[in-house]
Amino acid sequence: MSEQTIALVTGANKGIGYEIAAGLGALGWRVGVAARNEERCEAAVAKLHAGGVDAFGVPLDVTDDASVAAAAESLRDRAGRLDVLVNNAGITGGMPQTPTTVDLDTVRAAVETNVIGVIRVTNALLPLLRRSASPRIVNMSSSVGSLTRQSTPGTETGPIAVAYAPSKTFLNAVTVQYARELRDTNILINAACPGYCATDLNGFRGVRTPQQGAAIALRLATLPDDGPTGGFFEDAGEVPW
């Protein structure tokens with residue numbers, strides 16, 4: 001197997017996911033660009049190549065069992081192992097999302113992608129991560145998933161979003177459960193908040209750049225072996241649950 005560090009970033013064809021892939025590639029890593037849309041995936045890979053990144057495309061729909069299984073098989077054949085998994089793919093489900101009027105299908109879609117999709121991908125790739133000397137998993141969450149911030153008067157946590165925000169709270173809880181199960185292994189898993197970044201996820205209304213949003217993922221992807229696990233972090237430090 002190659003000594004080059006191998007990473008996979010889901011939803012990496014644009015936005016924060018692309019910048020995470022670019023940042024990891026700048027470290028000299030080989031980066032799998034996972035995305036649902038094959039054409040956009042190939043375009044992202046070509047752009048990364050132009051910037052000197054050793055990138056390759058991985059067709060992947062996190063909501064589809066067969067697609068995830070095929071991606072895991074492709075990665076095994078191509079790289080033999082995985083050192084870092086960044087679960088970045090996610091959706092808001094669209095707005096508004098007031099609890100009293102929300103379409104329940106919107107809630108189901110957010111949970112299917114943002115939570116179940118992460119579990120599906122992580123479990124499919126764990127055998128490859130276990131082959132790594134220092135495996136890391138980063139789950140891209142959001143401060144809107146912080147119950148502390150959501151329930152603190154005067155704290156800015158965005159609009160009411162009964163599908164998106166709780167899906168990130170759910171993801172945080174899932175991250176903790178993985179950390180508990182994997183505590184006797186060398187796998188470190190943490191949740192990351194990129195901040196309010198201008199991406200198409202929010203209609204480019206954010207105040208941070210995707211590159212700024214990627215910084216916390218890069219930090220958690222490169223943690224030392226004695227680094228934290230089961231935590232929730234942003235640039236400024238730990239995010240309250």
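Quick note: structure is the one above.
Summary of the structure given here. Given the structure is predicted, the values throughout are model-derived calculations rather than measurements. (Residues numbered from 1 in each chain as written. Predicted model: local features only at pLDDT ≥ 70, side-chain atom pairs only at ≥ 80, totals over all residues. Heavy atoms only, no water.)

Our focus in this paragraph is the nonpolar core. Membership of the largest hydrophobic core comes to 32 residues, with the highest contact counts inside it found for Ile20 and Leu24. Every element with two or more residues in this core is listed here: strand S1 (6-10), helix H1 (15-26), strand S2 (30-35), helix H2 (38-50), strand S4 (84-87), strand S5 (136-140), strand S6 (188-192) and helix H7 (210-221). A total of six residues in this core trace back to one element, the largest contributor, which is H1. Leaving out residues up to four positions away in the same chain, leucine 24 has contacts with Ala7, Val9, Trp29, Val31, Val86, Leu218 and Ala221. Listed in part, the 28 residues of the second largest apolar core include Val58, Leu82, Leu126 and Leu128. (Core = buried A, V, L, I, M, F, W, Y, C linked by side-chain atoms within 4.5 Å. Buried < 20%, exposed > 50% of the residue type's maximum accessible area, 1.4 Å probe, protein only. Helix = DSSP H or I, 4+ residues; strand = E, 2+ residues; numbered from the N terminus. Contact = heavy atoms within 4.5 Å.)

This next bit is on the sheet that holds strand S8 (residues 237-238). Judged by pairing direction, the sheet is mixed, and its eight strands sit side by side in the order S3-S2-S1-S4-S5-S6-S7-S8 without closing on themselves. Strands at the two margins of the open sheet, each flanked by one partner only, are strand S3 (54-59) and S8. The pairing of S1 with S4 spans three bridges and is parallel. Bridging across to S4, leucine 8 finds its partner in leucine 85. (Pairing = 2+ DSSP bridges.)

The next subject is the side chain of asparagine 114. Among the structural elements, asparagine 114 can be located in helix H4 (residues 104-129). Note on asparagine 114: relative accessible area 1%, which makes it buried. Polar side-chain contacts of asparagine 114 include one of 2.9 Å to the backbone oxygen of isoleucine 91. (Polar contact = N/O pair within 3.5 Å; in protein donor to acceptor, adjacent residues only side chain to side chain.)

Bringing the pairing of S2 into the picture now. Buried residues dominate S2, accounting for six of its six residues. Residues of S2 alternate between two faces, with Arg30, Gly32 and Ala34 on one and Val31, Val33 and Ala35 on the opposite face, all of them buried. Across five bridges, the pairing between S1 and S2 is parallel. Counted as the bridge partner of valine 9 is valine 33 from S2. Where S2 and S3 come together, six bridges link them in parallel fashion.

As a further point, take the packing of helix H3 (residues 65-79) against H4. Between H3 and H4, whose axes approach to 10 Å, the crossing angle comes to 25°. For the element pair H3 / H4, the angle class is roughly parallel. Between H3 and H4 lies a crossing whose hand is right-handed. Here Asp65, Val68, Ala72, Leu75 and Arg76 of H3 lie close against H4, whose contacting residues are Arg120, Val121, Ala124, Leu125 and Leu128. (Axes fitted to C-alpha atoms, helices over the stretch in contact; angles between N-to-C directions. Parallel < 35°, antiparallel > 145°, perpendicular 65-115°, else oblique. Left-handed = near helix turned anticlockwise from the far one by under 90°.)

Axes are the key here: two packed helices are described by the angle between their axes and the distance separating the axes. Orientation of H1 relative to H7, taken along the N-to-C sense of each, is 55°, at an axis distance of 8 Å. As far as their axial angle goes, H7 and H1 are oblique. Where H1 crosses over H7, the handedness of that crossing is right-handed. Judged by residue contacts, Gly15, Ile16, Glu19, Ile20, Gly23 and Leu24 of H1 engage Pro210, Gln211, Gly213, Ala214, Ala217, Leu218 and Ala221 from H7.

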